[in-house]
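One letter stands for each residue in the lines below.
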Amino acid sequence: MTVLVAGVDEAGRGPLAGPVVAAAVILDPERPIDGLADSKKLSERSRCILEGEILDRALCWAVAEASVEEIDRYNILQASLLAMRRAVLALEVMPGLVKVDGNHCPELPMPAEAVIGGDRSIDAISAASILAKQARDRILLRLHDEWPQYHFDRHKGYPTRLHYEMLRLHGACPHHRRSFRPVQAVLDRDD
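Residues numbered from 1 in each chain as written. Predicted model: local features only at pLDDT ≥ 70, side-chain atom pairs only at ≥ 80, totals over all residues. Heavy atoms only, no water.

> Can you break down unusual backbone geometry residue by residue, with the values?
A positive phi angle, close to 110 degrees, is found at N75, a residue other than glycine. In this fold, N75 is placed in the loop between α2 (68-74) and α3 (76-89). By relative accessible area, which is 38% here, N75 ends up partly exposed. Phi is positive for K156, close to 55 degrees, though the residue is something other than glycine. Along the chain, K156 falls in the loop between α6 (152-155) and α7 (161-170). Under the relative-accessibility criterion, K156 is labelled buried at 14%. (Helix = DSSP H or I, 4+ residues; strand = E, 2+ residues; numbered from the N terminus. Buried < 20%, exposed > 50% of the residue type's maximum accessible area, 1.4 Å probe, protein only.)

> If you had to explain the pairing of strand β1 (residues 5-11) to someone new, which residues and values would you point to?
Among the seven residues in β1, six count as buried, and that is most of the element. Across four bridges, the pairing between β1 and strand β4 (residues 97-101) is parallel. In the strand pairing of β4, V8 is matched with V100. With five bridges connecting them, β1 and strand β2 (residues 20-26) associate as antiparallel partners. Counted as the bridge partner of E10 is A22 from β2. (Pairing = 2+ DSSP bridges.)

> Tell me about the nonpolar core, residues and numbers included.
Judged by nonpolar contacts, the single largest core of 29 residues is most densely connected at V8, V20, V88, L91 and V98. Listed by contribution, the elements that provide at least two residues to this core are β1, β2, β3 (60-66), α3, β4 and α8 (181-190). With eight residues, the top contributor of residues to this core is α3. Setting aside anything within four residues of it in sequence, one finds L91 in contact with A6, A24, I26, C60, W61 and A62. Counting residues in hydrophobic clusters, the runner-up holds 25 residues, among them A132, A135, L143 and Y150. (Core = buried A, V, L, I, M, F, W, Y, C linked by side-chain atoms within 4.5 Å. Contact = heavy atoms within 4.5 Å.)

> So what's going on with the packing of α7 against α8? Which residues, and what values?
Look at α7 against α8: their axes get within 10 Å of each other, and the N-to-C directions meet at 20 degrees. The angle between the axes of α7 and α8 places the two elements in the roughly parallel class. Handedness of the α7/α8 crossing: right-handed. On α8, the residues that touch Y164, L167 and R168 of α7 are P182, V183, V186 and R189. Classifying every residue of the contact of α7 with α8 gives five nonpolar, no polar and two charged. (Axes fitted to C-alpha atoms, helices over the stretch in contact; angles between N-to-C directions. Parallel < 35°, antiparallel > 145°, perpendicular 65-115°, else oblique. Left-handed = near helix turned anticlockwise from the far one by under 90°. Nonpolar A, V, L, I, M, F, W, Y, C, P; charged D, E, K, R; others polar.)

> Explain the sheet that holds strand β5 (residues 112-115) to me, using residue names and the numbers behind them.
One open sheet accounts for five strands, arranged β3-β2-β1-β4-β5; its pairing is mixed. Each end of this open sheet is capped by a strand with a single partner; those strands are β3 and β5. Ignoring which end each strand starts from, the neighbouring axes of this sheet average 20 degrees apart. Set on the sheet, α3 makes contact with β1, β2, β3 and β4; between it and β2 the angle comes to about 35 degrees. Against the sheet, helix α5 (residues 123-146) makes contact with β1, β2, β3, β4 and β5, and its axis sits at roughly 35 degrees relative to β1, the strand it touches most.

In structure tokens:
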């Protein structure tokens, strides 16, 4: 019997705002998907097309997140692992093996292995990378609707020149990660 393998990746470790989002995907070997790659290497249009194919063809998939509060409470690595664990445990079918992009694995009830560069070399991890990135981008677009002055639609919470400028101008909103140094510097300034 073939062991079902779930690929797992996250999006949003580096940003100053918004949750960290993880996805877990078990691909169907009978329904391969061409063009899977690390989400960071794909255009927004390609990610959108591939997301639809993954959602349609994968045996199962799940997306989960860890909140800004959890990031600030535990640290970004632990919050990322928490989101990954939530994604795997939310799968409708439990895998026999989990392959995680990077060098850390979440605590899981099944075997797991960390694969550095897995989002470039393992299709299931590439698929997870795409789902996580797409889900997180949608969250940041919703945050932009709520907090347009920060331009989350343009930088998706990442530490860009524009984001730093808006932080300096407007201070931090509730979706900023207070444990991250640039946000902390703004909060210290405003005290």
